[in-house]
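Residues per chain, in single letters:
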Amino acid sequence: MKQDSGLLNNLKSIRTRLGMSQQDLANIAGVTRQTISGVESGQYAPSVAIALRIAKALGCQVEDLFWLDQDLPQIEAILAKPVPKNQSLRLSLARVGGQWIAYPLLGKDAFRQDMIPADAEGLSQTGNDKVVLRLLDDNLATLHNTVVIAGCSPVIALWARATERWHPQLRVHFTFANSIDALQSLCRGEAHIAGMHLYDPKTGEHNVPFAREVLAGREAVLITLGLWEEGLIVPSGNPKGFKTLSDVVAAKATIVNREIGAGSRMLLEQQLQQEQIPFTAVKGFEQIATSHQDVAQAVALGLVDAGISTASVATTFGLGFVPLHQSRYDLVILKEYLEEAPIQQLLSTLGHRMVHSQLEILGGYDITKIGEVVATV
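Computed from a prediction, not measured in an experiment: that's the story for all the values here.

**Q** An account of the pattern of salt bridges is requested, with residue identities and associated values reported.
**A** A full pass over the atoms with the stated rule returns 10 salt bridges. Across the pair R171 and D119 runs a salt bridge, and its minimum N-O distance is 2.9 Å. In this pair, R171 sits in strand 9 (residues 171-176) while D119 sits in the loop between strand 5 (99-104) and strand 6 (120-125), placing the two residues 52 residues apart along the sequence. D119 gets classed as buried once you look at its relative accessible area, which sits at 12%. Residues R328 and D330 are paired through a salt bridge, measuring 2.8 Å at the closest nitrogen-oxygen approach. For the pair R328 and D330, one class covers both residues: buried.

**Q** Residues and numbers for the side chain of S312, please.
**A** Of note, S312 is situated in helix 13 (residues 311-316). The class for S312 is buried, based on a relative accessible area of 7%. There is a polar contact of 3.1 Å between the side chain of S312 and the side chain of T310. Residues within four places of S312 in sequence aside, it is in contact with L362 and G363.

**Q** Describe in detail unusual backbone geometry, supporting the description with residues and values.
**A** For A216, which is not glycine, the phi dihedral falls at a positive 50 degrees. Structurally, A216 can be placed in the loop between helix 9 (208-215) and strand 13 (220-234).

**Q** Mind laying out the sheet that holds strand 7 (residues 130-135), listing which residues take part and the relevant values?
**A** In space, the 5 strands of this closed barrel follow the order 3-5-4-6-7, with mixed pairing throughout. Averaged over all pairs of adjacent strands, the angle between strand axes in this sheet comes to 55 degrees, irrespective of strand direction. Strand direction decides the pairing type here: strand 3 (residues 74-79) and strand 7, joined by 5 bridges, are antiparallel. Across the sheet, residue Q74 finds its bridge partner in strand 7, namely R134.

**Q** Please provide a residue-by-residue account of the environment of K335, values included.
**A** Along the chain, K335 falls in the loop between strand 17 (320-334) and helix 14 (341-348). For the pair formed by K335 and A296, sequence separation is 39 residues and the distance between their alpha carbons is 35 Å. Setting aside residues no more than four positions away along its own chain, K335 makes contact with E219, A220, V221 and T376.

**Q** Just give me the short version of the nonpolar core, but keep the residues and values in it.
**A** Among the nonpolar cores identified, the biggest contains 55 residues, and W159, L225 and V332 are the most heavily contacted of them. Among the elements that line this core, the one with the most residues is strand 13, at 6 residues. Here W159 is in contact with I149, L225, L331, L346, L347, T349, L350 and V355, once residues within four sequence places are set aside. Of all hydrophobic cores here, the second largest spans 19 residues; its members include I14, A51, A55 and L58.

**Q** Describe the packing of helix 8 (residues 179-187) against helix 9, with residues and values.
**A** Contact geometry for helix 8 and helix 9: axes closest at 10 Å, N-to-C directions at 40 degrees. Classed by the angle they form, the pair helix 8 and helix 9 counts as oblique. Crossing handedness for the pair helix 8 and helix 9: right-handed. Within the contact between the two elements, helix 8 uses L183, Q184, L186 and C187 and helix 9 uses F210, A211, V214 and L215. In the contact of helix 8 with helix 9, the residues fall into 7 nonpolar, 1 polar and no charged.

**Q** Account for the packing of helix 2 (residues 22-29) against helix 3 (residues 33-41), naming residues and giving values.
**A** Look at helix 2 against helix 3: their axes get within 8 Å of each other, and the N-to-C directions meet at 115 degrees. The angle between helix 2 and helix 3 places the two elements in the roughly perpendicular class. Seen from above, helix 2 lies across helix 3 with right-handed handedness. Residues Q22, Q23, L25 and A26 of helix 2 pack against R33, I36, S37 and E40 of helix 3. Residue composition of the contact of helix 2 with helix 3, by class: 3 nonpolar, 3 polar and 2 charged.

**Q** For the pairing of strand 8 (residues 146-151), give the residues involved together with the corresponding values.
**A** Counting buried residues along strand 8, 6 of its 6 residues qualify, which places the element largely inside the surrounding structure. Bridge analysis of strand 8 against strand 9 gives 6 bridges, and the strand direction is parallel. The partner of V148 across the bridge, within strand 9, is H173. Following the backbone out of strand 8, through helix 7 (residues 154-166) and into the adjacent parallel strand 9, one traces a crossover that is right-handed. Across 2 bridges, strand 8 lies against strand 10 (residues 193-196) in parallel orientation. By the bridge assignment, I149 is partnered in strand 10 with I193.

**Q** Before we move on, can you summarise the pairing of strand 13 with the specific residues and values?
**A** Side-chain direction in a regular strand flips from residue to residue, so the side chains alternate between the two faces of the sheet. Counting buried positions along strand 13 yields 13 of 15 residues, so the element is predominantly enclosed. The pairing of strand 13 with strand 17 spans 14 bridges and is antiparallel. Bridge pairing links L222 to V332 in strand 17. Pairing of strand 13 with strand 19 (residues 373-376) involves 3 bridges; the strand directions are antiparallel. If you follow L222 over to strand 19, its bridge partner there is A375. With 2 bridges connecting them, strand 13 and strand 18 (residues 365-366) associate as antiparallel partners. Each residue of the ladder has a partner; that of W228, found in strand 18, is Y365. The sheet contact formed by strand 13 and strand 16 (residues 306-310) spans 4 bridges and is antiparallel. Its bridge partner being in strand 16, L232 is matched across the sheet by I308.

Cut-off values and rules
- Residues numbered from 1 in each chain as written.
- Predicted model: local features only at pLDDT ≥ 70, side-chain atom pairs only at ≥ 80, totals over all residues.
- Heavy atoms only, no water.
- Salt bridge = Lys/Arg side-chain N within 4 Å of Asp/Glu carboxyl O.
- Helix = DSSP H or I, 4+ residues; strand = E, 2+ residues; numbered from the N terminus.
- Buried < 20%, exposed > 50% of the residue type's maximum accessible area, 1.4 Å probe, protein only.
- Polar contact = N/O pair within 3.5 Å; in protein donor to acceptor, adjacent residues only side chain to side chain.
- Contact = heavy atoms within 4.5 Å.
- Pairing = 2+ DSSP bridges.
- Axes fitted to C-alpha atoms, helices over the stretch in contact; angles between N-to-C directions.
- Core = buried A, V, L, I, M, F, W, Y, C linked by side-chain atoms within 4.5 Å.
- Parallel < 35°, antiparallel > 145°, perpendicular 65-115°, else oblique.
- Left-handed = near helix turned anticlockwise from the far one by under 90°.
- Nonpolar A, V, L, I, M, F, W, Y, C, P; charged D, E, K, R; others polar.
- Right-handed = clockwise from strand over helix to strand, strands pointing away.

If you want it as structure tokens, here you go:
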């Protein structure tokens, strides 16, 4: 509630969350119930003494209860992706390359398993790619200590959560993107790190040729996160006995594919070409899922017979797996970001035992060379 003085408070929400009535709080704080009611309604601005009593009674800091409206700054940021005009926006923020980047929390980007808290609300768009926004709190230090990673591997989220336990002041914002989209996001200055798993059969190299092409002369390093088994995800027990993609086609089975730019789609196309199978012969080739989890979900629900993903994802969903290729998952980081403290803190944890343990128990994931610089471009 906002007072005439510009003082805002969330006293009612904290009190009710603790299961306290206005009279309960008044008794503990040593004030009248009318005082609590007046503060909650915005009709009464409490003195310093009363504010301290109320905060002590609730077991929190005064700053958790009260703040000034003008204390929340407005800034201009670049939108990481287009959004509909005049739409209410919840945004996550990070400082990338000396500028503010705003990540709209819309659709799947607003959720992992639970809803992601926003850093700001959009007030108005000043152009196709810019927005004026208002921060929802004054913790600018957190925004400056946010590392943005674009990628598709669920492993990134595990790594990020483990890192934040060692460095509580560090925050990792994981924005979902397939390998090519992640690289392009890095180029546009929307991310500090891009995750990718692409294989070039002409050179026999993973990731480097693609990074060199997309980055177009910008200097970067590639640090490996590990090797993972990629292949066919099938129902538990592999009831149709698939061993190759030829078996899938011969059985007239239905697959789910990934979008253009995804490493899994590229692997599927390369395997089909190797087995001399035309794309049109594969039932479901144009049926698209936009993440490893969505591929597994489609198989688990019986919507399709197979899809391309990783052994660790198959294990997580209790599904069968037919290996086709071992891919290297690399982190691509522009050299200009390497000396930034949040980046260094994040990368330093690649050698921590707890990170290794989280990845090892996934299955189908080799972290022998985790943290090694495998290439510079």
